[in-house]
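The residues making up each chain are set out below.
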Amino acid sequence: MHFPFRSLVTHLATAGFVMVTGHAVAAPQADIHTLAQQHQQPYLDTLRDLVHIESGSKDIEGTEKIANYVAGKLREQGGKVETIQPTDIYKLGDTPDKIGPMVHAEFKGKGKSRIMLIAHMDTVYLKGMLKDQPFRVDGDRAYGLGIADDKQGVALILHTVAMLRQMGFDNYGTLTVLMNSDEEISSPGARSTMTRIGAEQDAVFSFEGGGPDGGVRLATSGIGAALLKVEGKASHAGARPEDGVNALYELSHQLLQMKDLSKPDTGLKLNWTVATAGTNRNVIPAEATAQADARALRVADFTELEQAMQAKVGNKLLAASKVQLNFEVRRPPLEANETSRRLAKQMQEIYSQDLGMKMTVAEKATGGGTDAAFAALKARGGVIEGMGLTGHGAHSNDAEYVQVGTIVPRLYLVTRMIRDMSK
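A. Quick peek at the packing of helix α5 (residues 147-167) against helix α11 (residues 407-421). At a minimum axis separation of 10 Å, α5 and α11 run at an interaxial angle of 55°. In this view, α5 runs oblique relative to α11, as classed from their interaxial angle. For the pair α5 and α11, the sense of crossing is right-handed. On α11, the residues that touch L156, H159, T160, M163, L164 and M167 of α5 are R410, L411, V414, T415, I418 and R419.

B. Here's a closer look at the sheet that holds strand β10 (residues 269-277). Reading across the sheet, the four strands line up as β10-β11-β9-β12 and stay open at both edges, with antiparallel pairing between neighbours. The sheet is open, and its two edges are formed by β10 and β12 (322-331), each paired on a single side. Recorded for the sheet is a direction-independent mean angle of 15° between the axes of neighbouring strands. Sheet analysis places β10 next to strand β11 (residues 287-296), joined by eight bridges and oriented antiparallel. Opposite L270, over in β11, you have A294 as the bridge partner. Helix α8 (residues 299-313) rests against β9 (222-231), β10, β11 and β12 of the sheet, and its axis sits at about 170° to β12.

C. Representation of the nonpolar core. Membership of the largest hydrophobic core comes to 69 residues, with the highest contact counts inside it found for V70, L74 and F205. With ten residues, the top contributor of residues to this core is α5. Leaving out residues up to four positions away in the same chain, V70 has contacts with L50, V103, M121, V154, L158 and M179. In terms of nonpolar packing, the next biggest core, distinct from the first, is built from 21 residues, A247, L251, M258 and L261 among them.

What counts and how
- Residues numbered from 1 in each chain as written.
- Predicted model: local features only at pLDDT ≥ 70, side-chain atom pairs only at ≥ 80, totals over all residues.
- Heavy atoms only, no water.
- Axes fitted to C-alpha atoms, helices over the stretch in contact; angles between N-to-C directions.
- Helix = DSSP H or I, 4+ residues; strand = E, 2+ residues; numbered from the N terminus.
- Parallel < 35°, antiparallel > 145°, perpendicular 65-115°, else oblique.
- Left-handed = near helix turned anticlockwise from the far one by under 90°.
- Contact = heavy atoms within 4.5 Å.
- Pairing = 2+ DSSP bridges.
- Core = buried A, V, L, I, M, F, W, Y, C linked by side-chain atoms within 4.5 Å.
- Buried < 20%, exposed > 50% of the residue type's maximum accessible area, 1.4 Å probe, protein only.

Just distances and angles here, no functional claims.
This is how it looks when you write it as structure tokens:
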């Protein structure tokens, strides 16, 4: 597919833009654009291979297979590559006994910039579902299981690294690649590694899908979860109800006193979504549980929310009941900073001036959290989410696809950013 591309002479005469460091960067790089076009079909071939490896988060055989595939591709490009089995695991309520591996690669260059590219290799799908969503290309759409979330991102990183090597470009200090196999279960094994390595970077680019116009995101919601457990005492509901301690009554009391902890003006949301109690109609329930979904735009909001919830549970309806609250930060929020804003502005100018395309930048969180937030927790540089292709249908049982026409612009953008930041 052809995209508008200004000539070097025209661009030099009419436009220029400023890097994050404030220095003028070069005009549109025809060599990069041509190389990106040449990589479109090989990219689709890689994407086909990735889609055809089923890699649900709890499918250890599948996640190890895709990790070995990715590690092999990165070794071919000259990286120092290791496959890491997670050991520092943040235990969540649904964390499985065994977690799939991470692939970590480093490419050492001659410069000083430190840039990290992240994506995840796992999907939400169960083994055997590939037969219903095999890889195929139909016009401007490439379909396949897990293709939008996030195998397109894995393939983009692999081909960006390959393009840089073909160009003979190594003016960066360190180019780091980190891919994990547990993103869809809240990254219990990879989060600490992402935070540790992310803290060392000048920039982190995360390859979840881009917006419909190639937009990127500087902020994502944090995701929290609360589990409330009430222990009462069973008794006959008809003959001796007074001998029991009704766990359902206590649970209802607790939920009602915590129903107004949301703060819409700051983006903090707490909603109770699941509840269970009792075993038989004629038995006073001895146990009751409820689960809540929490969202926040600032890391500190989760801390304050948990403190407020813990204070509430001390106020009981039934003195003899026992109430326990567990709160999990499944993902922290990603918060925009000035470096992220400057990087995003540079990307917008590349899209506009070099490709004649529009790119939006979302500075306010509108949806769920991503691994970018773990990379940003202690980061000194900028973190950009949504570097991947435009797509649709993630987590659906049919018709998940990416737009083929976004391959070349994205390959061009990422390669240009790495090249420009390294000057």
